[in-house]
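Residue-level structural notes
Single-letter residue listing:
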Amino acid sequence: MSTVFIGGGNMARCLIGGLISSGTPATQIAVSEPFANARTALERDFGCRAFASNTDAAATGATWVLAVKPQVMDSVLRELAPLAGQSEPLVISIAAGVTRGRIQAALPQARVVRAMPNTPALIGAGVTGLNAGDDVSLLERERTTALFASAGAVAWVDDEALMDAVTAVSGSGPAYFFLLMEAMIDAAIAQGLPADVAGTLVLNTALGAARMAHNGEASPALLRERVTSPGGTTAAALKTFLDGGFAALTASAIEAATRRGRELAGG
Ligand SMILES: NC(=O)c1ccc[n+]([C@@H]2O[C@H](COP(=O)([O-])OP(=O)(O)OC[C@H]3O[C@@H](n4cnc5c(N)ncnc54)[C@H](OP(=O)(O)O)[C@@H]3O)[C@@H](O)[C@H]2O)c1
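So, how was this worked out
Residues numbered from 1 in each chain as written. Predicted model: local features only at pLDDT ≥ 70, side-chain atom pairs only at ≥ 80, totals over all residues. Heavy atoms only, no water. Helix = DSSP H or I, 4+ residues; strand = E, 2+ residues; numbered from the N terminus. Buried < 20%, exposed > 50% of the residue type's maximum accessible area, 1.4 Å probe, protein only. Contact = heavy atoms within 4.5 Å. Pairing = 2+ DSSP bridges. Axes fitted to C-alpha atoms, helices over the stretch in contact; angles between N-to-C directions. Expected span 1.5 Å × (residues − 1). Arc of directions from axis to C-beta. Near = heavy atom within 4 Å. Polar contact = N/O pair within 3.5 Å; in protein donor to acceptor, adjacent residues only side chain to side chain. Areas by Shrake-Rupley, 256 points an atom, 1.4 Å probe, with all protein chains shown as cover. Nonpolar A, V, L, I, M, F, W, Y, C, P; charged D, E, K, R; others polar.

A look at the overall build of the protein
Scanning the protein from terminus to terminus reveals 12 helices and 8 strands. On the principal axes, the C-alpha backbone points of the protein span a range of 70 × 40 × 30 Å. Burial statistics for the protein: of 267 residues in total, 36% are counted as buried. If you take every contact in the protein between residues at least 6 apart in sequence, the share linking residues at least 24 apart comes to 59%.

Below you can see the structure in the form of structure tokens.
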């Protein structure tokens, strides 16, 4: 039985690549994709089977990964509904803001997992938030974890309402770090550094800091304290950030993204 991707865009390609590099035979992966050129590229790049028809692809397996944009989700669900009645699939949706309830209403015989990956998944450095109903078995959860683990880290949340917060933190989160990088590059140039030097300094500082924080030896707060000598340069900058309301601004930004996610999901 194949793992079936409905939609063969960026995210599907990244997950298919991850599955193959973690040992799934390409012959056990099917994908549906409306554009002939994209189908040819999927078959050429991965050796998986690419179908023009969603139902033809879905007929090859009982794990369906819905990797289409949210705006086409309803028409895709209508197409797949008759087949879901026969194959009772595990359906994993990565579409932003589409609730499990909406999928379950269209495919009552399916077990549904909702996933929120982020763009660094495209380079194997993503993180995916996952949520499933009680009807999804432990084995199915493990299979879902394995699917997304090939694109980075994985975190399960019990309450689907928290998926809006997941979206706000890690789904949208790369953009917050990019914004900080942009602002630091502009500030470095304002201090007289050439643009290429500013870029080298900022991007490598971001990478180094992320790697130190990620290795888990110390919390971000402790790492920050360790590099902040009293009365020094770092302390001067951090005081300016904190006096300017950095923590409250970050909390408001994430709250705004959570609220917007809820609105988009119709909640
Ligand atoms: N990229 C991210 O970082 C990210 C993060 C979290 C969640 N997501 C979610 O992941 C989903 C896919 O995102 P993506 O970045 O991979 O988008 P994408 O590259 O646009 O992929 C969507 C694919 O679905 C195809 N498609 C369109 N209509 C279809 C239909 N009726 N049946 C089957 N396939 C159809 C598209 O083909 P055409 O190009 O021909 O239209 C395209 O190849 C979205 O719902 C998005 O919200 C993405």
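Some words on the sheet that holds strand E2 (residues 29–32)
One open sheet holds the 8 strands; their spatial order is E3-E2-E1-E4-E5-E6-E7-E8, and the pairing between them is mixed. Looking along the sheet, the strands with just one partner apiece sit at the ends: strand E3 (49–51) and strand E8 (152–156). Each neighbouring strand pair of the sheet contributes to a mean axis angle of 20 degrees, computed without reference to strand direction. Where strand E1 (residues 3–6) meets E2, 4 bridges bridge the pair, whose relative direction is parallel. The residue of E2 that forms the bridge with Val4 is Ala30. Contacts between helix H1 (residues 10–21) and the sheet are confined to E1 and E2, with E1 contributing the most and set at about 165 degrees to the helix.

Some words on helix H9 (residues 195–214)
Under the 1.5 Å per step criterion, the end-to-end length of H9 is 28 Å for 20 residues, consistent within 8% with the ideal 28 Å. Among the residues of H9, Ala198, Gly199 and Val202 are the ones counted as buried. For H9, the arc enclosing every buried residue in end-on projection is 100 degrees, short of the 170-degree limit, so these residues lie on one face. More than 90 degrees from the buried face of H9, the exposed residues found are Asp196 and Arg211. In this fold, the buried residues of H9 make contact with helix H8 (173–190). Two residues or fewer past H9, Gly216 is found with a positive phi of approximately 80 degrees.

As for the site of the ligand
The environment of the ligand is formed by 22 residues, the closest being Asn10, Met11, Glu33, Phe35 and Val68. Note that a nitrogen atom of the ligand is positioned 3.0 Å from one of the side-chain N or O atoms of Asn54. Here an oxygen atom of the ligand and a backbone polar atom of Val68 are 2.6 Å apart. Coverage of the ligand by the protein chains reaches 77% of its 880 Å² of free accessible surface. When the residues that make up the shell around the ligand are grouped by side-chain class, the tally is 13 nonpolar, 7 polar and 2 charged.

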